[in-house]
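# Fold and contact review
Each chain, letter by letter, is given below.
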Amino acid sequence: MIFNGYTPEAILPYLIGLAVIIAILYLLKVRRRAVAVPYIGLWREVLEKSSHRRWHDWIKRFISYLICILIIGLIALALLDPRQEEDNTAHRHAIIIVDASASMAADSGREECPSRFSCAIKDARELVDHMRPTDRAVIIEASGIVSAVSGPFQSDKAALDKTLSTIAVRSTSMDMHKAIELASHLAQDRENPEIYLLTDGQFDNADEISKILPRTAAFEQRNYGTPSGNLSIEAFNVRRYIANRLGFEVFFKAHNGFEQPVTARMKIMALPDSESTFDPEKDHDIIVEKTLTLASGSSELRLYDNLTLSSSRMAATLEIIDPSDLVDPMPIDNIAYARIPDYAKPDIACITPGNLYLEAALLLNENYRVSFMKPTDPDILGDGGIDLKKLSANHDIVILDNSYRNLPHVQKEDWEGRAIFINPEVEDSPFKAKTVESPIIERVNAKHPVARWLSLKNLNISKANVFSGVPNSDLVMRAIEGPLMATRKTNSQRFLAIGFSLVESDLIFRVGLPVLFINTIDWLMDENAEPLRGYPTGNAWHVRIPGDLAHVDVIRPDGSKLQSLPVYDGSASIYGEMSGFYRVQRPETKDEVFEFAANFSNMAESDLSQTPSMLQGRIHLKTTLSDLETEDEETSWIIRLLSKLPVSSQYLWVLALLIAMGMLTVEWLTYHRRWTV
Amino acid sequence: MSLFDEAFLKKIEYLYVMSKKVFTGKLRAERKTRKVASGIEFADHRNYAPGDDFRALDWRVYGRTEKLLVRLFEEKEDLSIYFLIDCSGSMHFNDDAKLNYAKKMAAALGYIGLCNQDHVSYIAFNGKVIERLAPTSGRGQIFKIFQFLEKLKGEGQTSFEDSFKTFASENRRRGVAVVISDFYNPEGYEKALNFLHYQQFETYVVHIADESEFDPKVHGDVTLIDDETGERVDLTMTPRLVAKYQKAFETLCLKMEAYCVARHMLYFRTPVSTPFDEIVLKVFRAGGFLK
């Protein structure tokens, strides 16, 4: 037996102190109470008649004392944390790395275990079974994230077996470098270390990784599966058109990794809200069903628009139909998911005396619902001019066009919302402004979403108001005299200020004018300006969260929840390791904020045609776990007994404490003297 | 607070009224009176014996029958009631609970005796007679009795025989002897009670016991200390042992009752938790205590 807890020297003073206290308590316990009686003769008579034996009392008391001492001994034993005695002759430390990458879901080609992963788990279980009482093992799950899932080295077979049951294939690739690095760290300073790598060999840089294998550890790599072809969905997504956000198109790409042409059936189906992953057992509305013929090693791209949808959530599947005997070994990459981004027409109030250029630019886009209003319209006027607070309360965006310099005064007090100020008067300008003649454009901030696809550098302007107090991040366009176009975004306000009249510049003659408004409205409405965004598994995603939430809850496709993820700079970071639909919720109200689809789209993992890579270990032990047989007869009776207890046989100190508590309880219940002291 | 306070006085007055009711009923016992040659109420004749007073000869009967007969008259006799109160250490047990109970009971019975014009006397004893109150009568003497009883303390060892012998030798006039005690005596009580019986005292035995004597509420390792002798016994009090003790105590009581009944002594056993007036009434109902 070895002791993993406190050293005997460390606990000895405390034990002595405890023993003294126990002895004092014991003496107090057995001390007799003096009780006065009127006549002792009667008691004497009773004692003479009864079989009262003094030595019996003495033995009972002594046994009670022994129990106290035994309890102290057991507590001391618990503090020492005893473990089963080590067998120095065969003291193995096994590190079992289980590859849980997506390619491990592929067919193994073996009857006893259908997938590569199930073969790896089966072998891992066998290795655990081979362990002797003196052996220790740790299990590493290696996918996109590498971790020692079984905790520190342990000999508890039941616990290790339970850990193996919790490992599952992830929709990610495997970080072999990290896995071997972790195994090397664990093997350091351990006696007889053995590293077992259970994988399909689908990784690169085998020579480089071999170099970090420890010199002192025995190494064994077991590969599962054989090189084969694979049919996979390379890409699947849906996007709204930038010019027409009501329209969308579906993007689908399939790849044939077989060495022969393949005809496959592609289906795009609508998924109800209740399904976060595709359930092949259920019936689904088929949106598109096509037969694709792919040459060996080729990819096929399909775009579908104007589809009729019954749901914004879609799943695509790919299935080989010819040759009929050809089996797709990896089903995980034959399913993909997509979701159409939500969109609603923004309600725009445009206050203009009749600027046809502006009206044309806004009416060009069918995705806006625009209300044109005259500056003299009594509905928009308050006591001192245009009531911006009221307007922004009733409309998504308010455009205040002062191109003709005849707009009434704008009341901006306490307004909240989104607005575009065109050529505001100095006193109505949201920024501090001054008037300049013929400004010369010096710089255009091309990174600003408002300036996307625009060329404004050679813009000619006859007269303008230049702003001051604009930070660089909000600057869209700047003249030598000062900023001419700038944005501002606060918790309650978001606006663009254009410091010149549209009709006093040549912007009205350019195609950039409608683009400027599309960009601005997209930015104001927080629309994703990126053309297409996907969430491939095995990566940390920076998911843009609409609104001003500080934290969000994320429900993963398997129903598990990531709680209170912080939102920084409008994005939340999520590590994705499973494909399907992710739901983002408000933590307080559980209202759904939005939903996005994640896909396994890793061509390296889907490519099963590679020859398995092999790592080269340095030494081989004479007898490793894999050489041993499952032990049955050799197990001592005490180990067999301990294995039946609810407490892990590794933690004998828990057992010692349980025994001590049991003895205390028995003593309490049976020793009637308890009531007297 | 005084043992004999106002509430006590009210209670004994009530007991007196109750005793009147008891004795006017069927339960009333006849007390014998002496028949002597002098007196007021004629009772009987008897043959003349030498030495008899000639004045008591009934000459009319001699004239008719020629027989010398002496006339006998009934003479009322004053009853003497003696209260023998055990004042040993065992009566001191549990904060004088038994002794106080004995005092109250003796005072109440004594008061009723005084009201009936009886001669009431109190004798306190332990190993010997330690205090005595000479026979007294008349209702007004009750406060004298209270004073006597209040100063009694429970201490010393018990010896019934010695004490009763002293009592009998000092009190030639026979009467009712009420022995109030817990009857704990290593030498036993039998000889002493027998002695009283043969000395022609009408004996009432009142056996007082504390609740803890019936049912000791003690468990575990204890050292028992005798209140009288200071003797010690170490023992482990188990429920089994307690049961045995209870049985032994019960046997002691039953034995004592049987002893008293066999000798025509009235025996009363009472725990101190029973109100003393209840046991006093019980004594009345048993009859013979008062004329």
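Residues numbered from 1 in each chain as written. Chains lettered and ligands numbered in written order. Predicted model: local features only at pLDDT ≥ 70, side-chain atom pairs only at ≥ 80, totals over all residues.

## A short note on the overall build of chain A
Short version of the rule: Under the scheme used here, helices are H or I runs from DSSP no shorter than 4 residues and strands are E runs no shorter than 2 residues, and both carry numbers assigned from the N terminus. In this scheme the burial state of a residue depends on its C-beta neighbours within 10 Å: 20 or more other such atoms mean buried, 12 or fewer mean exposed, and anything in between means partly exposed; the C-beta positions come from the backbone. For the purpose of contact definition, each residue receives a C-beta atom placed from its backbone, and two residues are in contact when these atoms lie within 7 Å.
Helix and strand counts for chain A come out as 13 helices and 33 strands. Burial analysis of chain A (677 residues in total) assigns 37% to the buried set. A separation of at least 24 residues holds for 71% of the contacts in chain A among residues at least 6 apart in sequence.

## Structural notes on the overall build of chain B
Per the secondary structure count, chain B includes nine helices and 11 strands. For chain B, the proportion of its 291 residues judged to be buried stands at 34%. Partitioning the contacts of chain B with sequence separation of at least 6, the portion at a separation of at least 24 is 76%.

## Considering the sheet that holds strand E12 (residues 285–294) of chain A
Residues and elements named next belong to chain A. Inclusion rule: By definition, two strands form a pair when at least two bridges between them are found by DSSP. Here, axes are lines fitted to C-alpha atoms. For helices the fit covers the stretch in contact, and angles between N-to-C directions go from 0 to 180 degrees.
As summarised here, the arrangement of the four strands in space is E12-E11-E14-E15, forming an open sheet in which the pairing is antiparallel. The outermost strands of the open sheet, each flanked by one partner alone, are E12 and strand E15 (335–339). When strand polarity is set aside, the average angle formed by the axes of neighbouring strands in this sheet is 20°. Direction of pairing for strand E14 (residues 313–322) relative to E15: antiparallel, over a ladder of five bridges.

## Focus: the confidence of the model for chain A
In plain terms, the rule: What pLDDT conveys is the predictor's confidence in a given residue, as a value from 0 to 100.
With 88% of its residues at a pLDDT of 70 or more, chain A shows a mean pLDDT of 83. When the criterion is pLDDT under 50, residues 672–677 of chain A qualifies, and its contacts beyond four places in sequence or with other chains add up to 15 contacts.

## Looking at the interface of chain A and chain B
Put simply, the rule is: Under the convention adopted here, Pro, Cys and the residues Ala, Val, Leu, Ile, Met, Phe, Trp and Tyr are nonpolar, Asp, Glu, Lys and Arg are charged, and Gly plus all remaining residues are polar.
The interface of chain A with chain B comprises 25 residues on the first partner and 29 residues on the second. Among the secondary structure elements, those contributing two or more residues to the side of chain A that touches chain B are strand E2 (33–37) and helix H2 (41–49) of chain A. Counting residues per element, the side of chain A that touches chain B draws most heavily on H2(A), at eight residues. Here the side of chain A that touches chain B is composed, by residue class, of 13 nonpolar, five polar and seven charged.

## Here we look at the sheet that holds strand E10 (residues 248–256) of chain A
Residue and element names in this part refer to chain A. Taken together, the three strands give an open sheet; going across it, the order is E9-E10-E13, and neighbouring strands pair in antiparallel fashion. The sheet is open, and its two edges are formed by strand E9 (231–240) and strand E13 (299–305), each paired on a single side. Between one strand axis and the next, the sheet turns through 15° on average, direction left out of account. As defined by bridge partners, E10 adjoins E13 across seven bridges and the pair is classed as antiparallel. Along E13, the bridge assignment pairs Glu-249 with Asp-305.

## Points about the pairing of strand E31 (residues 571–576) of chain A
Residues and elements named next belong to chain A. Alternating residues of E31 divide into Ala-572, Ile-574 and Gly-576, all buried, and Ser-571, Ser-573 and Tyr-575, none buried. Relative to E31, strand E28 (residues 539–544) runs antiparallel, the two sharing six bridges. Its bridge partner lying in E31, His-542 is registered against Ser-573. The pairing of strand E30 (residues 561–568) with E31 spans two bridges and is classified as antiparallel. Within the sheet, the bridge partner assigned to Val-567 lies in E31 and is Ala-572. Hairpin connection between E30 and E31: a loop of two residues separates the two successive antiparallel strands, and Asp-569 in this loop has a positive phi of roughly 55°.

## Describing the nonpolar core
Basically, it comes down to this: What we call a nonpolar core is a set of buried Ala, Val, Leu, Ile, Met, Phe, Trp, Tyr and Cys residues whose membership is set by joining through C-beta atoms within 7 Å.
By size, the foremost hydrophobic cluster in this structure holds 70 residues, and its most contacted members are B:Phe83, B:Leu84, B:Met105, B:Val178 and B:Ile180. The greatest single-element share of this core, amounting to 14 residues, is contributed by helix H3 (residues 93–115) of chain B. In this view, B:Phe83 contacts B:Ala106, B:Leu109, B:Gly110, B:Tyr122, B:Ile123, B:Val178 and B:Ile180; residues no more than four positions away in its chain are not counted. One finds A:Tyr368, A:Leu388, A:Leu391 and A:Trp415 within the second-largest nonpolar core, a separate group that totals 55 residues.

## Topic: the confidence of the model for chain B
Residue and element names in this part refer to chain B. When pLDDT is averaged along chain B, the result is 83, and 88% of the positions lie at 70 or above. Here strand E1 (residues 34–36) is the element of chain B with the lowest mean pLDDT, 54, and strand E5 (residues 119–125) is the one with the highest, 93. Across residues 23–32 the pLDDT falls below 50, and counting only partners more than four positions away or on other chains, this stretch makes nine contacts in the model.

## Considerations on the environment of B:Leu3
All names here are of chain B. Among the structural elements, Leu-3 can be located in the segment before helix H1 (6–24). Residue Leu-3 is classed as partly exposed on the basis of its C-beta count, with 15 C-beta atoms lying within 10 Å. The sequence separation of Leu-3 and Tyr-101 amounts to 98 residues, and the corresponding C-alpha distance is 9.6 Å. If we ignore the near neighbours within four places in the chain, the residues touching Leu-3 are Asn-100, Lys-103, Lys-104 and Glu-150.

## Examining unusual backbone geometry
All names here are of chain A. Following Asp-322, the chain continues to Pro-323 via a peptide bond in cis, the omega torsion being 0°. On the secondary structure map, Pro-323 appears in the loop between E14 and E15. Unlike most non-glycine residues, Asn-423 shows phi in positive territory, near 50°. Relative to the helices and strands, Asn-423 resides in the loop between strand E21 (417–422) and strand E22 (432–437).

## Let's talk about helix H6 (residues 190–198) of chain B
Residues and elements named next belong to chain B. This is how the line gets drawn: An arc is given here, and it is the one of the directions from the helix axis to the C-beta atoms.
Ala-192, Leu-193 and Leu-196 are the residues of H6 that are buried. Projected down its long axis, H6 carries its buried residues within an arc of 95°, all on one side. The inward-facing, buried residues of H6 abut helix H5 (160–170), strand E7 (176–181) and strand E8 (202–209). Among the residues trailing H6, Gln-200 stands out with phi positive, at a value near 65°.

## Some points on the pairing of strand E9 (residues 220–226) of chain B
Inspection of the sheet shows E2(A) paired to E9(B) by five bridges, in the parallel sense. The residue of E9(B) that forms the bridge with A:Ala36 is B:Ile225. Where E9(B) hands over to strand E10 (residues 232–237) of chain B, the hairpin turn is made up of five residues, of which B:Gly230 adopts a positive phi near 80°.

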